[in-house]
Amino acid sequence: MSEVSISNQALSVHEFRTLMDPLGPFEATPFLAVATSGGADSIALCILADRWARARRGKIIALVVDHRLRKGSYAEAQRVKSQLENDLGITARVLRGYKSSSGANVQAKARAMRYRLMCDWCVRYGILHLLLGHHREDQAETFLLRLIRGSGVEGLAAMSSVSELMGVRILRPFLTTSKLRLKTTVTDARQLWLEDPSNADRKFSRVRIRQLSHLLEEEGLESIRITNTAYHIGRARDTLEDSQADLLARALTLNAAGYGILNTQLFKQARRETALRALARVLICISGRDHSPRFVRLERLYTAIMKGQGHPRTLHGCRLAGYQGELLVCREVAAVCQTLPIENGQELIWDRRYRVSLVSPVCDSTLYVAKLGRIGLRQIIKEAGINRPSMPSAVCVSLPALWCGEGVLAVPYLRGVKEHLRPMEKFNVTFRPFQPMMSRFYTLA
């Protein structure tokens with residue numbers, strides 16, 4: 001292939017444009033964010049994206065995340081920021097993690113935090129596109145990791161070149177480009193890059209697989225062949241996603257408060273594989289989680305729905321129960337544990353599902369966002385003088401509420417209640433889960 005013959009060459013701006021074109025559309029004067037770790041892949045992405053944007057009278061901003069995982073990480077992030085701004089003339093921002101991740105799955109926790117920080121920043125400043133530097137070898141490693149875990153079509157399609165998180169389009173233009181070419185691109189630009197020490201730590205599965213890559217190549221299983229396989233599986237995933245989207249458009253009513261009503265009759269008429277995957281998407285969206293539940297548990301739930309077993313069930317942080325002849329899917333109240341202090345002028349993400357903001361006069365008391373719960377629900381029903389709230393009580397108890405001490409100040413989604421509470425605070429809430437119900441921007445690499 002042509003990629004082999006030019007494997008040692010720097011990636012040109014023209015080639016980068018051919019990688020970017022299928023990922024559009026873009027604004028007339030694009031403003032893009034670039035995730036930047038300081039590694040060769042992200043520095044190459046900054047160099048090329050900056051040139052691409054300038055040619056369109058646009059600009060980029062580099063986002064450098066300090067995960068606080070090791071001593072000196074903040075100073076390292078500042079050095080990357082300084083290199084970008086002083087050597088390349090690219091504006092950069094350092095985003096600091098909430099706290100150090102520890103224990104099991106440290107890399108997964110760090111990755112989730114990184115995406116939350118960057119997507120939240122993009123939404124706050126009106127940036128639609130976030131570029132990531134994942135390359136061909138990353139794609140191959142992702143495929144092999146998921147193969148080892150026994151993933152299905154969705155997992156084996158590996159990373160998509162375009163996806164969506166929290167209303168931000170995630171773009172990966174380098175999925176068919178080798179890491180060697182990216183290193184050459186940085187070298188030709190007379191720039192340096194950082195090597196993350198965790199990339200050599202064998203306690204991580206990805207590192208162990210990376211170190212075995214030469215053995216796989218000796219047997220003919222090169223990264224380009226693996227990524228081609230992921231591409232073909234991705235085409236199958238694309239077809240499945242279309243079927244899921246069609247089913248959900250007909251069978252699911254998604255309420256702006258963050259719960260859904262599923263028409264079980266339409267659901268039962270769908271093909272089993274389509275229905276299973278659609279059910280997983282509903283659970284991911286309403287729970288605010290990253291990934292699907294385990295397939296065995298998902299199948300068990302699906303079977304119960306098919307048999308019409310109406311008693312409430314819980315799975316993946318969601319509660320499912322019969323409701324007016326259909327199926328109510330809402331957040332499981334026991335799974336909602338976050339208590340989030342909030343101050344005047346702040347905008348925050350609560351429970352990975354809601355964007356909350358506070359605009360109010362200065363208040364002397366400490367305010368916080370937490371689930372309404374049964375105690376809060378009883379309180380507001382009593383204060384409002386109503387017999388029942390405007391939505392199922394199973395939904396109400398998991399809604400975000402603004403609290404002051406032991407008292408509820410505001411619950412925006414409950415009509416007929418909000419105006420009866422003390423109007424000292426203006427509390428705005430928007431349901432915006434980490435994963436959308438369907439990724440309408442899914443594009444094959």
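Residues numbered from 1 in each chain as written. Predicted model: local features only at pLDDT ≥ 70, side-chain atom pairs only at ≥ 80, totals over all residues. Heavy atoms only, no water.

Moving on, we get to the pattern of salt bridges. In this structure the tally under the stated criterion is 14 salt bridges. Linked by salt bridges that have partners in common, Asp120, Arg124, Glu347 and Arg355 make up one network. (Salt bridge = Lys/Arg side-chain N within 4 Å of Asp/Glu carboxyl O.)

With respect to the element layout, Trp350 can be found in strand β13 (residues 347–350). The class of Trp350 is buried, set by a relative accessible area of 0%. C-alpha separation for the pair Trp350 and Ile170, spaced 180 residues apart in sequence, amounts to 21 Å. Residues contacting Trp350, with those up to four places away along its chain left out, are Val336, Gln338, Leu340, Val356, Val369, Ala370, Lys371, Ser398, Leu399 and Pro400. (Helix = DSSP H or I, 4+ residues; strand = E, 2+ residues; numbered from the N terminus. Buried < 20%, exposed > 50% of the residue type's maximum accessible area, 1.4 Å probe, protein only. Contact = heavy atoms within 4.5 Å.)

Together, Glu217, Glu218, Glu219 and Glu222 make up a negatively charged patch on the protein surface. Considering the arrangement of structural elements, one finds Glu217 in helix α10 (residues 213–218). (Patch = residues over 30% accessible without salt bridge, like charges linked within 9 Å, V, L, I, M, F, W, Y side chains within 5 Å. Areas by Shrake-Rupley, 256 points an atom, 1.4 Å probe, with all protein chains shown as cover. Lys, Arg positive; Asp, Glu negative; His and termini not counted. Charge placed at Lys NZ, Arg CZ, Asp CG, Glu CD.)

Across the sheet, which stays open at both edges, the five strands sit in the order β7-β8-β11-β10-β9 with antiparallel pairing between neighbours. Each end of this open sheet is capped by a strand with a single partner; those strands are β7 (252–255) and β9 (313–315). Within this sheet the neighbouring strands show an average axis-to-axis angle of 25 degrees, counted without direction. As paired strands, strand β10 (residues 318–323) and strand β11 (residues 326–331) are joined by six bridges and run antiparallel to one another. Across the sheet, residue Ala321 finds its bridge partner in β11, namely Leu328. (Pairing = 2+ DSSP bridges. Axes fitted to C-alpha atoms, helices over the stretch in contact; angles between N-to-C directions.)

Let us now look at the state of the cysteines. Within the structure shown, the criterion is met by zero disulfides. The structure places no disulfide on Cys119, whose sulfur is separated from the nearest cysteine sulfur, that of Cys122, by 6.3 Å. Lacking any disulfide linkage, Cys318 is separated from the closest cysteine sulfur, that of Cys330, by 7.8 Å. (Disulfide = S-S within 2.5 Å.)

Further remarks concern helix α5 (residues 106–124). Compared with the 27 Å implied by 1.5 Å per residue over 19 residues, the 27 Å span of α5 between its first and last C-alpha is a close match. Residues Val106, Ala110, Ala112, Met113, Tyr115, Leu117, Met118, Cys119, Asp120, Trp121 and Cys122 constitute the buried set of α5. Looking one or two places after α5, you find Gly126, whose phi comes out positive at around 70 degrees. (Expected span 1.5 Å × (residues − 1).)

The next subject is the sheet that holds strand β14 (residues 354–359). Spatially, the three strands line up as an open sheet ordered β13-β14-β18, and their pairing is antiparallel. Strand pairing shows two members of the sheet lacking a second neighbour, β13 and β18 (426–431), which therefore form its edges. With strand direction ignored, the average angle separating the axes of adjacent strands in the sheet is 25 degrees. Relative to β14, β13 runs antiparallel, the two being bridged by four bridges. Within β14, the position partnered with Leu348 by the bridge is Val356.

On to the nonpolar core, then. Of all hydrophobic cores here, the largest spans 67 residues; its most connected members are Leu279, Leu283, Val356, Met391 and Leu399. In terms of residue count, the dominant contributor to this core is helix α13 (residues 272–287) (nine residues). Not counting the four nearest positions on each side in its chain, Met391 is found in contact with Ala257, Tyr259, Cys396, Leu399, Tyr413 and Leu414. The next biggest cluster of nonpolar side chains, apart from the first, holds 31 residues, and it includes Val34, Leu48, Val162 and Phe174. (Core = buried A, V, L, I, M, F, W, Y, C linked by side-chain atoms within 4.5 Å.)

As for its placement among the helices and strands, Ser160 is situated in the loop between α7 (153–156) and β5 (162–165). Here Val162 takes part through its backbone oxygen, which lies 3.2 Å from a polar atom of the side chain of Ser160. (Polar contact = N/O pair within 3.5 Å; in protein donor to acceptor, adjacent residues only side chain to side chain.)

This next bit is on the confidence of the model for the protein chain. Do not read the fine detail of predicted coordinates wherever pLDDT is low. For the protein chain, the mean per-residue pLDDT works out to 87, and 90% of the residues sit at or above 70. At the low end of the mean pLDDT range in the protein chain sits helix α1 (residues 2–5), at 44; at the high end sits strand β4 (residues 129–131), at 98. Confidence drops under pLDDT 50 across residues 1–5; counting only partners more than four residues distant or on other chains, this segment forms eight contacts. (pLDDT = per-residue confidence, 0-100.)

Take the packing of helix α11 (residues 223–251) against α13 next. Look at α11 against α13: their axes get within 9 Å of each other, and the N-to-C directions meet at 70 degrees. The orientation of α11 relative to α13 falls into the category roughly perpendicular. Here Leu240, Ser243, Gln244, Leu247 and Leu248 of α11 lie close against α13, whose contacting residues are Thr274, Ala275, Arg277, Ala278, Arg281 and Val282. Residues belonging to the contact of α11 with α13 are distributed by class as follows: six nonpolar, three polar and two charged. (Parallel < 35°, antiparallel > 145°, perpendicular 65-115°, else oblique. Nonpolar A, V, L, I, M, F, W, Y, C, P; charged D, E, K, R; others polar.)

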